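Descriptive analysis of the structure
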Amino acid sequence: MKRTISYHIIICAAFVLLIFSQCTDRKNDPSDQTEKVFYPLDTFCMGADLSFTNELLDAGAVFKDSGRVTDPYLIFKRHGCNLVRVRLWHNPVWTMGTGSKMYSDLKDAEMTIKRSKEAGMAVNLDFHYSDTWADPSKQQLPAAWANADFNTLLDSVYNYTFKVLSYLGQKNLMPEMVQIGNEINPGMLFPHGNITASGWEKLGIILNKGIKAVRDASATSVIKPQIILHVAQPENVQSWVTNITSKGGVTDFDIIGLSYYIKWSKTPLNQLGMTILGLKDLFRKKVMIVETAYPWTSDGEDSYGNIFSGSDYDPLYPQTMEGQYNYLVALTRQVILGKGTGIQYWAPDWISSPRKDQWGTGSSWENNTFFDFDGNVIKGMEYMTYPYKGLMGNK
């Protein structure tokens, strides 16, 4: 009963704060702000998923800051990024194409982690537990585990996770955050962890194996990774976390991670703060957006069709550089309103280049990046240094 009363009080308080925030935002156009603030990670995560960066550089992509070619890791650091997210696939041989080098494997992830830390940024290591993309539409077993029974699979999850983190720890590259799975709405490691076919209990056992491996591998490390469970779209989170904690028995995690995209989410931007605040109060966990993006143009630079079309935007925020920036400031304000702990922007580096994949050459995301078609930093990246009320004592 106390929890129910508390939950309603929080929601009412959030509604009042939301109205106040919206009124204040109308008076203070973010485009007029000139002050910059660089936030430490323990204040607010200003993150960027740079999983493509190494491959793009190998393919000849060029990143510029104020017209000068610059190391992209340094660009993000200089513009307020304090954490880099990087995906890890088990054995992604398909990424080699006609070459001899894999990407998003451990070697590539190690390079990303090393360069990120050298630039002064923390890291979120995203275990997909697959050889390819894992998301709500697919959660494929790594080929090496294809014939494993359930108990053998559990050993594989534990040993793989433990070995990866122990290896990184020995190189002083222990990540500050670790995701056990990527957008695991339907479960993971199908068919074993499929919640429709196998139920929540088996998924819980799998997740607890991965979590234990993280805790064990970091037992002697100065860095103790915060563990993230990642669910796509805020409207799916409450029921999912309720089930995985009560039926799956998974409680030893630190952060509820959300994907939030205007194209797929049913939660309006002006309700996001209340949603996050409700989740935080209900589950007593940190809440963070670990994937988001917004287009700065409806155009494309190459023949690779863009995922975000000319209709995928909020009418309040047009598909312009200014519109992208204003949207991200508004989004961040909502996360802060809900007492969320950060945002990690997905693939702000995925500019067009001669890079090829299974579906095209170039990029299907170049209109969502933080760079124009000449590789120059655009205004959207500056949302990370906006002087947000509620952070670092800003009034």
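Look a little higher up for the structure.
First things first, this report covers the structure right here in the doc. The numbering scheme is per chain: residues are counted from 1 as the chain's sequence reads. For this predicted model, a pLDDT threshold of at least 70 governs which residues receive local features, and a threshold of 80 or more governs which side-chain atom pairs are given and counted, while totals over whole chains, interfaces and linings are taken from all residues. To get the side-chain values, take all heavy atoms of the structure and skip hydrogens and water.

Observations regarding the overall build of the protein chain
Put simply, the test is: In this text, helices come from DSSP runs of H or I with a minimum length of four residues, and strands from runs of E with a minimum of two, each type numbered from the N-terminal end. We compute the radius of gyration over the C-alpha atoms and compare it with the globule rule, which gives 2.2 Å times the number of residues raised to the power 0.38. Summary of the burial criterion: residues with accessible area below 20% of their type's maximum are buried, those above 50% are exposed, and those between are partly exposed, where the area comes from a 1.4 Å probe applied to protein chains only. Every residue pair with non-hydrogen atoms within 4.5 Å of one another is taken to be in contact.
Helix and strand content of the protein chain: nine helices and 12 strands. Over its C-alpha atoms the protein chain spans a radius of gyration of 20 Å, differing by no more than 12% from the 21 Å that the globule rule assigns to 395 residues. Overall size of the protein chain, expressed as C-alpha extent along the three principal axes, is 60 × 60 × 40 Å. By residue count, 58% of the 395 residues in the protein chain fall in the buried class. A separation of at least 24 residues holds for 78% of the contacts in the protein chain among residues at least 6 apart in sequence.

Here we look at the pattern of salt bridges
We apply this condition: Salt bridges are defined by distance alone: a side-chain nitrogen of Lys or Arg within 4 Å of a carboxyl oxygen of Asp or Glu.
Within the structure shown, the criterion is met by 18 salt bridges. Notably, a salt bridge pairs glutamate 55 with arginine 355, separated by 3.1 Å at the nearest N-O pair. You can see glutamate 55 sitting in helix 2 (residues 53-58) and its partner arginine 355 sitting in the segment after strand 12 (342-346), a full 300 residues away along the chain. Measuring nitrogen to oxygen at the nearest pair gives 3.2 Å for the salt bridge that ties aspartate 357 to arginine 355. Side by side, aspartate 357 and arginine 355 carry an identical accessibility label, which is buried.

Considerations on the pairing of strand 9 (residues 226-232)
Stated precisely, the cut-off is as follows: For two strands to pair, DSSP has to find at least two bridges joining them. Whether a crossover is right-handed depends on one test, that the path from the first strand over the helix to the second runs clockwise when the strands point away from the viewer.
With six of seven residues buried, strand 9 is to be regarded as a mostly interior element. One ladder, built from three bridges, connects strand 6 (residues 177-180) with strand 9; its direction is parallel. The partner of valine 178 across the bridge, within strand 9, is isoleucine 227. With five bridges connecting them, strand 9 and strand 10 (residues 255-261) associate as parallel partners. Within the sheet, the bridge partner assigned to histidine 230 lies in strand 10 and is glycine 257. Between strand 9 and its parallel partner strand 10, the chain crosses via helix 7 (residues 237-246), and the hand of that crossover is right-handed.

Description of the packing of helix 8 (residues 269-283) against helix 9 (residues 321-337)
Going by this rule: Angles run from 0 to 180 degrees between N-to-C directions of axes, and those axes are lines fitted to C-alpha atoms, restricted for helices to the stretch in contact. Should an angle lie under 35 degrees it is considered roughly parallel, over 145 roughly antiparallel, and from 65 to 115 roughly perpendicular; all remaining angles are considered oblique. Take the far helix as the reference: if the near one is turned anticlockwise from it by less than a right angle, the crossing is left-handed, and if turned clockwise, right-handed. Gly counts as polar in this scheme, as do all residues outside two lists: the nonpolar Ala, Val, Leu, Ile, Met, Phe, Trp, Tyr, Cys and Pro, and the charged Asp, Glu, Lys and Arg.
Relative orientation of the contacting elements helix 8 and helix 9 amounts to 25°, with a least axis distance of 7 Å. Comparing the axis directions of helix 8 and helix 9 gives the class roughly parallel. Here the hand of the crossing between helix 8 and helix 9 comes out right-handed. Note on element contacts: helix 9 touches helix 8 through Tyr327, Ala330, Leu331, Gln334, Val335 and Leu337, opposite Leu269, Asn270, Gln271, Leu272, Gly273 and Ile276. When grouped by side-chain class, the residues that make up the contact of helix 8 with helix 9 number eight nonpolar, four polar and no charged.

Comments concerning the nonpolar core
What counts is decided by this rule: Put simply, buried Ala, Val, Leu, Ile, Met, Phe, Trp, Tyr and Cys residues joined by side-chain atoms within 4.5 Å make one nonpolar core.
Formed by 101 residues in total, the largest nonpolar core has its most connected members in Phe76, Leu125, Leu207, Trp240 and Tyr383. Among all residues touching tyrosine 383, those that are not within four sequence positions of it are Met46, Gly47, Tyr325, Leu328, Val329, Thr332, Ile343, Tyr345, Phe370 and Tyr388. Judged by nonpolar contacts, the second largest core, of eight residues, contains Cys45, Leu83, Met177 and Val290.

Notes on helix 6 (residues 195-217)
What counts here: In this analysis, the expected span of each helix is defined as 1.5 Å times one less than the number of residues it contains. Two axes enter the bend calculation: one fitted to the seven residues ending at the residue in question, the other to the seven starting there, and the bend is the angle between them. Throughout this description, a polar contact denotes any pair of N or O atoms lying within 3.5 Å of each other; where both atoms belong to protein, one of them has to be capable of donating a hydrogen while the other can accept it, and for residues adjacent in sequence the pair is counted only when both atoms sit in side chains.
The first and last C-alpha atoms of helix 6 sit only 28 Å apart over 23 residues, clearly below the 33 Å expected at 1.5 Å per residue. The largest bend in helix 6 comes to about 60°, at glutamate 201. When we look at burial in helix 6, the residues that qualify are Ile195, Trp200, Leu203, Gly204, Ile206, Leu207, Gly210, Ile211, Ala213, Val214 and Ala217. Lining the buried residues of helix 6 we find helix 5 (150-170), strand 6, strand 7 (187-188), strand 8 (193-194), strand 9 and helix 7. Where helix 6 begins, the side chain of asparagine 194 points an oxygen toward the backbone nitrogen of threonine 196, at a separation of 2.9 Å.

A closer look at unusual backbone geometry
Cis peptide bonds are those with omega within 30 degrees of zero, and the linkage from phenylalanine 190 to proline 191 qualifies with 10°. In this structure, proline 191 sits in the loop between strand 7 and strand 8. Even without glycine at this site, asparagine 172 takes up a positive phi of about 60°. With relative accessibility at 66%, the residue asparagine 172 sits in the exposed group. For leucine 189, which is not glycine, the phi dihedral falls at a positive 50°. With respect to the helices and strands, leucine 189 occurs in the loop between strand 7 and strand 8.

A look at the environment of arginine 115
Mapped onto the elements of the fold, arginine 115 is located in helix 4 (residues 106-118). Along the sequence, arginine 115 and tyrosine 73 sit 42 residues apart, while their C-alpha atoms lie 7.0 Å from each other. Not counting the four nearest positions on each side in its chain, arginine 115 is found in contact with Asn54, Leu57, Asp71 and Tyr73. At 3.1 Å, the side chain of arginine 115 forms a polar contact with the side chain of aspartate 71.

Considering the side chain of threonine 297
Relative to the elements of secondary structure, threonine 297 occurs in the loop between strand 11 (286-293) and helix 9. At a separation of 3.1 Å, a polar atom in the side chain of threonine 297 contacts the main-chain amide nitrogen of aspartate 299.

Some thoughts on the packing of aromatic side chains
For clarity, the cut-off: Side-chain rings of Phe, Tyr and Trp (the six-membered ring for Trp) are treated as a pair once their centres are within 6.5 Å; stacked means planes under 30 degrees apart, edge-to-face means over 60, and tilted covers the remaining angles. Counted as over-ring charges are cases with an Arg CZ or a Lys NZ within 6 Å of the ring centre that also lie within 35 degrees of the ring normal.
Applying the stated criterion across every chain yields a total of 30 aromatic pairs. Taking the centre distance of 6.3 Å and the plane angle of 40° together, the rings of tyrosine 39 and tyrosine 388 count as tilted. With tyrosine 39 in the loop between helix 1 (2-27) and strand 1 (45-49) and tyrosine 388 in the segment after strand 12, the pair connects residues that are 349 residues apart, well separated along the chain. Exposure class is identical for tyrosine 39 and tyrosine 388. Each is buried. Through a chain of ring-to-ring contacts, the aromatic side chains of Phe52, Trp89, Trp94, Trp133, Tyr261, Trp264, Tyr304, Phe308, Trp346, Trp350, Trp359 and Trp365 assemble into a single cluster. Here arginine 87 stacks its cationic end above the ring of phenylalanine 52, 4.4 Å away from the centre of that ring. It is lysine 379 that lies over the ring of tyrosine 325; its NZ or CZ is 4.8 Å from the centre.

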